[in-house]
Amino acid sequence: MYALKVTALAGGVGAARFLTGLSRLIREEELSVIVNTGDDIKLFGLHISPDVDIVTYTLAGIVDEEKGWGIKGDSFRYLDMLKRYNTSSTWFNVGDQDLATHVYRTHRLAQGASLSEVAREVSHSLGLKTKILPMSNDSFETHITTPRGSMHFEEYFVKDQCRDEILNIEFRGASSAKPAPQVLDAILEADRVIVCPSNPIVSIGTILSVNGIRETLQQTAARVTAVSPIVAGMALKGPADKMLQRFGWEVSAYGVAKIYADFLDAFVIDVKDVKEKSRIEKLGIDVLVTNTVMKSLEDKVSLATAVLES
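Summary of the structure given here. Within each chain, residues carry numbers counting from 1 in the order of the written sequence. Predicted model: local features are reported for residues with pLDDT of at least 70 only, side-chain atom pairs are reported and counted for 80 or more only, and whole-chain, interface and lining totals are derived from all residues. Derived side-chain values reflect all non-hydrogen atoms in the structure, with water molecules and hydrogen atoms excluded from consideration.

1. Details of empty space enclosed by the protein
Think of a ball as big as a water molecule: rolled over the atoms, this probe shows where empty space is left.
1) Next: A cavity, in this analysis, means grid points on a 1 Å lattice covering only the protein atoms where a 1.4 Å probe fits yet has no way out; a pocket is instead an open set bounded by protein on both sides within 12 Å along at least five of seven lines, and a residue lines either one if it has an atom within 4 Å of a point. Grid points are joined across faces, edges and corners, and a volume is the space filled by probe spheres set on the points. A complete count under the given rule lists two cavities of 30 Å³ or more for this structure.
2) Next: There is about 80 Å³ of room inside the largest cavity.
3) Next: Where helices and strands are cited, they refer to DSSP runs of H or I of at least four residues and of E of at least two residues respectively, numbered from the N terminus. By residue number, the principal contributor to the lining of the largest cavity is helix α5 (residues 115-125), which donates five residues.
4) Next: Nonpolar residues are Ala, Val, Leu, Ile, Met, Phe, Trp, Tyr, Cys and Pro. Charged residues are Asp, Glu, Lys and Arg, and all others, Gly as well, are polar. For the lining of the largest cavity, a count of residues per class yields six nonpolar, four polar and two charged.

The following block contains the structure:
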């Protein structure tokens, strides 16, 4: 075990896989995870926080690893019944146990609790000592503009399967969103800050758009290391490559490094991108080359070890 206080910036499945390895290497109570809430969406009258839930379920050991989301062994009888009513919202799969989380969150928010408070209550109930920190308690939604109009990111990602051309990305609420309590302190008080291998535009980018977070990353005395989500010019999962290309960023490990260059100390890239090493180093960033594709628990632990030692 490493005697380190670590804060991670996370969004989605890639981050959850990495955190599985990281959680084997440091004490639970020494880990804080700042999670993207730009994917939060209201469906079925419920407040759903997809990334917060994936991270929480993963660290609690109950995630459905085959799907990469939801709770393992969950049933979908609620959704099946809902489909019989011809509702248009059943494109978003919510399992029966997963539903309980959303019902609880919505109920507590209606009582005046914040997203941070609910995240803490849920994680504690699942036996976690890790701090799960939503990036902001303020309203924040990522919307994608396509030739068919504007849609919530989850609709684009899940329902549309990323098929439509991306014309624009809008972070609704970014101009006024404040970091949730403990978020900035978690960055300033850490020994290491790790940017997980998540989409740099709509997972990490949303976190960085919250007032004060990017500036705090620039100021922290902690060593800041990121893991590239791009391997050999492609995203391992999701539309990160399409988004980088659309907004003029090079679709490569180097392109991601440039996005983070103003606060990054070290960058971890895959062995397939070894030719990018010298280019990234010219940005003033230390570079470690290793396997970043996480297919097994051993891969996850090995990558997390490399990041902690980078």
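Once you've had a look at it, read on.
2. Some points on the environment of A3
1) Next: Take A3: it is sitting in the segment before β1 (6-10).
2) Next: In the structure, A3 is positioned 24 residues away from R27 in sequence and 7.8 Å away in space, judged by C-alpha atoms.

3. Describing the sheet that holds strand β8 (residues 168-172)
1) Next: On the basis of which strands lie adjacent, the open sheet formed by three strands has the order β7-β6-β8 and antiparallel pairing. A strand with exactly one partner marks an edge of an open sheet, and here the two such strands are β7 (149-152) and β8. Along the sheet, successive strands turn relative to each other by an average axial angle of 30 degrees, direction set aside.
2) Next: Two strands are counted as paired when DSSP detects at least two bridges linking them. With four bridges connecting them, strand β6 (residues 141-146) and β7 associate as antiparallel partners. Opposite T145, over in β7, you have S150 as the bridge partner. Axis angles are defined between N-to-C directions and span 0 to 180 degrees, where every axis is a line fitted to C-alpha atoms and, for a helix, only to the segment in contact.

4. Here we look at helix α1 (residues 12-22)
1) Next: Only protein chains enter the accessibility calculation, which uses a 1.4 Å probe; a residue is then buried when its area is under 20% of its type maximum, exposed when over 50%, and partly exposed in between. By the criterion of burial, α1 is predominantly enclosed, with nine of the 11 residues buried.
2) Next: Burial in α1 covers these residues: G12, V13, A15, A16, F18, L19, T20, G21 and L22.
3) Next: Note on definitions: a residue-residue contact is assigned when non-hydrogen atoms from the two residues lie within 4.5 Å. Among the structural elements, β1, β2 (31-35), α2 (50-59), β9 (192-195), β10 (223-227) and α13 (297-308) are those in contact with the buried residues of α1.

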